[in-house]
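# An overview of the molecular structure
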Amino acid sequence: ENGFLRHSRDVTLNDSLADTETRYSGWLIPMTFRFVRADFLGFGFGPYLALLNQRTRTTVRYRSGGTAESDADDPNRRDYEVGVRANLRLSFPLFRAAKLVFDGSYLFGFTDLNKSETVESKSQDLLLLLGIQIPVGTPEIASAVEPTPVSAPAPIPAPTPTPAPTATPAAAASLSAE
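Below, the structure is looked at part by part. (Residues numbered from 1 in each chain as written. Predicted model: local features only at pLDDT ≥ 70, side-chain atom pairs only at ≥ 80, totals over all residues. Heavy atoms only, no water.)

Consecutive residues of a regular strand have side chains that alternate between opposite faces of the sheet. The pairing of strand β2 (residues 18-30) with strand β4 (residues 41-52) spans five bridges and is antiparallel. Residue pairing in the sheet places Trp27 in a bridge with Leu51 of β4. Note that strand β3 (residues 33-38) and β4 share five bridges and pair antiparallel. Opposite Arg34, over in β4, you have Gly44 as the bridge partner. In this antiparallel pair of consecutive strands, β3 and β4, the connection spans two residues. Two strands pair when backbone bridges link them, and β4 and strand β7 (residues 80-95) are joined in this way by eleven bridges, in the antiparallel orientation. By the bridge assignment for β7, Tyr48 is matched with Gly83. (Pairing = 2+ DSSP bridges. Helix = DSSP H or I, 4+ residues; strand = E, 2+ residues; numbered from the N terminus.)

The structure is reproduced here in structure tokens:
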């Protein structure tokens, strides 16, 4: 199961001088191997790739008072991340082939997001989704749509065989006498 998700990350760093909140976004591309235990319950596991924007919004709230904000590119953050995703999905039929889906994922990043070698920064995220799943081009659609009943044509009667003409004994005798 593949897909694309637009996501945002909020990172909060609290220390003795200030509370720093950083927000950035990007695209998450998971590749999940799904194990279905029941029609409504599924487990998934697999790698993901995140393509991250360099644009970062940062807000710093100093403990001594005052606030500083910036909206700029972060030259120290990588623009990609590779990790693994574990997933639990509940789905309930809505109509025809569509399903209402509750999806929870845990993302564990292997990539150090910090380019500068001063601090290691790896992500761990909890992702919760609610949506509608509509399969496209799969056999599930064909089985979910009820076929229109078609009446079979009336059978064509088989022709009845007619007996082959048989020669009478008198005609057979006259043929052999000649």
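There is more to say, and it comes next.
Before going further, it helps to examine a nonpolar patch on the surface. Together, Phe4, Trp27, Leu49, Leu51, Tyr80, Val82, Tyr106, Phe108, Phe110, Leu126 and Leu128 make up an exposed nonpolar region whose accessible area comes to about 1,100 Å². Elements supplying a minimum of two residues to the nonpolar patch: β4, β7, β8 (98-109) and β9 (124-133). (Patch = residues over 30% accessible without salt bridge, like charges linked within 9 Å, V, L, I, M, F, W, Y side chains within 5 Å. Areas by Shrake-Rupley, 256 points an atom, 1.4 Å probe, with all protein chains shown as cover. Salt bridge = Lys/Arg side-chain N within 4 Å of Asp/Glu carboxyl O.)

Pairing of side chains with opposite charge becomes possible as their charged atoms draw close. Using the criterion set out here, one finds eleven salt bridges in the structure. Notably, a salt bridge pairs Asp10 with Arg23, separated by 2.8 Å at the nearest N-O pair. Of this pair, Asp10 sits in strand β1 (residues 5-14) while Arg23 sits in strand β2, placing them 13 residues apart in sequence. Classification of Arg23 by relative accessible area gives partly exposed; the value is 41%. Put simply, Arg61 and Glu21 hold a salt bridge, and the shortest N to O gap is 3.1 Å. With Arg61 in strand β5 (residues 55-62) and Glu21 in strand β2, this residue pair connects regions lying 40 residues apart in the sequence. Judged by its relative accessible area of 35%, Glu21 is partly exposed. Linked through salt bridges whose partners overlap, the residues forming this network are Arg9, Glu81 and Asp125. (Buried < 20%, exposed > 50% of the residue type's maximum accessible area, 1.4 Å probe, protein only.)

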